Amino acid sequence: MMQDNVLGTEKISKLFIKFSIPAILSLTIAGVQTMVDGIFLGNFVGTNAMASVNIAAPFMQLMIGMNLIIGIGGASYIGRSLGEGQVKRAQDIFKSACLFMIGLSIVILVLGFTFSHQLASFLGANDVLLADSSTYIKILALFAPFIGLSFILGVFVRCIGKPNVYLISSVASLFANIILNYVLIKQLKLGIVGAPIATGLSFTTSFLIAAIPFIKKTAVLNFFTGKFNWKLTGQLLYNGSSEGVSSLATAISTFVFNMAFMRIAGEVGVSAFTAIGYISLFASLIVVGVSAGIGPVISYNYGAQLHDRVKQMMNISCKMAIIMGSALVVLIFLFGKYLIMMFVSDNEAVLDLALHGSKIYAFTFFFNGLNILFSGYFTSIGDALSSIIVAVCRGMIFILLGISILPQFIGISGVWMTVPVAEVLTLLVVIFLFKKGNLKKAPELVEA
C-alpha cells in the first residue's frame, strides 16, 4: 500500500516534519482545549470554579489513560504489522480496538454519571468545591464514547499515512470549544455546567471528522473490514499499558499535589497549582506530540527491520526535545507572569504563589522531553515493560518520594521542586536501562 511504503522509504527528516508537526499541533490544541475551560471559568465564574475542574482532572486523565492504552497500543501493533506485511492482522487489530473502546466508554459513562459525587469527594474536593467538581464529572462522563473514539481514531489515522486529518479535526474541535464556552459560560451564565458540555461537544466534533477516512472500504484500515479478536485485544492492551500507567501516574500525582497544596495553602494553593498545571500540560504536549507523531514511523520501520531509519528518527527527535525544552524554560522565566494571568487575573495571592512556583517548576522541561520520547519509543517497538518502568518512575515513585520529603525541609517550594527532581532521577533510570542492555534487540540510538 502506498501510504505504508512511504513510512519505510521516504526521507526521515521529511517524515519527521510530515508526522510530528501535525501531531504536535493536534496535541497542543488538545491541551489548549483543557485550558479553555480554565480560562473561561477563571475569568467569568471565579478561581474556585477553576479549582473544581482541577479536582475533577484525574477523572479526565483516567479516561484519557484508557484511550491512550488502546490508541497507542493499537497503533504500535498496527504499524509493526503493516511493516511486516500482515495487513489482515492490522485490520483485525483496528476492529478490535474500536469495539473494545466503545464498550469501555459505556462503562465509564455509567460509573461517572452514577457516582460523580463520590468520585469528587474521593479526589479531594472540600465543601467549597464538592458540588462543582461533582457536576463537572457527571456531565463530562456522558461524552465518554465520543472522547474515546476521537482519541483512538486520531492516532490510527497516522497509520494510514494521513496525519493531517487529526490536525483538521483538532482545529475544528478547538474552535467549537471556544465558541461553546463563550456562549454557555459568558452569555448564558451556565457556569460549571457549561464547561463540560462545551468540552464534550468539541470532542464529538473531532470524532466526526477523524472517522471520515475509515468509512472508505478501500482504506487499509476501515470500519467494515476485520473482526474482533480477544487475543489481539489483549496484546494491544499490554503494548499500550505503559501509556495507561503514565496517565494513571498523572492522575495520582495531580491528586497528591492537590492534597498537598490544599493542606499547605487551601483553595489558593490549588488554584495556583491549577494555573501552573495548565502551562505544564501545554508545554509537555509539544514533546508528547513529537513522540506520538513519530510512533507509527518507528513501529513500521522496526517491524520492517529498518533499524538505521529508527536510529535517525530518534536522533532528530532527541535534538528537538532538548531545544524545545530549553526554549520553554526561557519563555517561563521571561513571560511567566503573563502566562499565569491568562488564568488568574483578579487574585493577587494566587498570582504571587503561582509565579513563585513557575520559576522552580520550569526546570522540569530540561529533562522531561527525553523521558517522554524514550517511553514512547519503547512502546513503539513493543517493549511495554521498559516504557512502564519509565512511566512509573517519573509519574509515581519519584513524585511520591519527593512530595513526602522535600516540603519537610523547604516548605511549599519543596512541593514545586518535586517534579523537576523526579524528571532528573527518571532520566538516570533511562540511562541505566540502556547501559544494562535491557533492549538487546533494539538498535543503538544514541551516538557516542
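For the structure itself, look to the data block above.
Basis of the calculations
Residues numbered from 1 in each chain as written. Predicted model: local features only at pLDDT ≥ 70, side-chain atom pairs only at ≥ 80, totals over all residues. Heavy atoms only, no water. Helix = DSSP H or I, 4+ residues; strand = E, 2+ residues; numbered from the N terminus. Expected span 1.5 Å × (residues − 1). Buried < 20%, exposed > 50% of the residue type's maximum accessible area, 1.4 Å probe, protein only. Phe/Tyr/Trp six-rings, centres within 6.5 Å; stacked < 30°, edge-to-face > 60°. Lys NZ or Arg CZ within 6 Å of the ring centre and 35° of its normal. Salt bridge = Lys/Arg side-chain N within 4 Å of Asp/Glu carboxyl O. Axes fitted to C-alpha atoms, helices over the stretch in contact; angles between N-to-C directions. Parallel < 35°, antiparallel > 145°, perpendicular 65-115°, else oblique. Contact = heavy atoms within 4.5 Å. Nonpolar A, V, L, I, M, F, W, Y, C, P; charged D, E, K, R; others polar.

Caption draft 1: Main features of helix 14 (residues 368–380). With 13 residues, helix 14 extends 18 Å from end C-alpha to end C-alpha; this agrees with the ideal 18 Å at 1.5 Å per step. The element helix 14 is extensively covered by neighbouring structure, given that 13 of its 13 residues are classed as buried. Directly beyond the C-terminal end of helix 14, a positive phi value near 85 degrees is found at Gly-382.

Caption draft 2: Structural detail: the packing of aromatic side chains. On inspection of all chains with the given rule, the structure shows 14 aromatic pairs. Here Phe-40 and Phe-44 contribute two aromatic rings whose centre-to-centre distance is 5.8 Å and whose plane-to-plane angle is 35 degrees, an arrangement assigned as tilted. Placement of the pair is Phe-40 and Phe-44 together in helix 2 (residues 12–44), with a separation of four residues, close to one helical turn. Judged by relative accessible area, which is 11%, Phe-40 ranks as buried. Pairing Phe-94 with Phe-156 gives two aromatic rings, centres 5.6 Å apart and planes at 65 degrees, and the pair type is edge-to-face. Here Phe-94, found in helix 4 (residues 87–114), pairs with Phe-156, found in helix 7 (residues 144–159); they are 62 residues apart in sequence, far enough to count as distant. Taking relative accessible area as the criterion, Phe-94 reaches 0% and is therefore assigned buried. By the ring-pair criterion, three or more aromatic residues cluster together here, those being Phe-94, Phe-156, Phe-214 and Phe-223. The aromatic ring of Phe-113 is capped on one face by Lys-138, whose charged end is 5.2 Å from the ring centroid.

Caption draft 3: Expanded view of the pattern of salt bridges. Applying the stated criterion to the full structure yields three salt bridges. Between Asp-92 and Lys-88 there is a salt bridge, and its shortest N-O distance comes to 3.1 Å. Of the two residues, Asp-92 and Lys-88 are both situated in helix 4; the distance of four residues between them amounts to about one turn of the helix. The exposure class assigned to Lys-88 is exposed, which follows from its relative accessible area of 51%.

Caption draft 4: The packing of helix 7 against helix 8 (residues 163–187), seen in detail. Viewed as axis vectors pointing N to C, helix 7 and helix 8 meet at an angle of 150 degrees, and their least axial separation amounts to 6 Å. Classified by the angle between their axes, helix 7 and helix 8 sit roughly antiparallel to one another. Within the contact between the two elements, helix 7 uses Ser-150, Phe-151, Gly-154, Val-157 and Arg-158 and helix 8 uses Pro-163, Val-165 and Tyr-166. Of the residues that constitute the contact of helix 7 with helix 8, the class distribution is five nonpolar, two polar and one charged.

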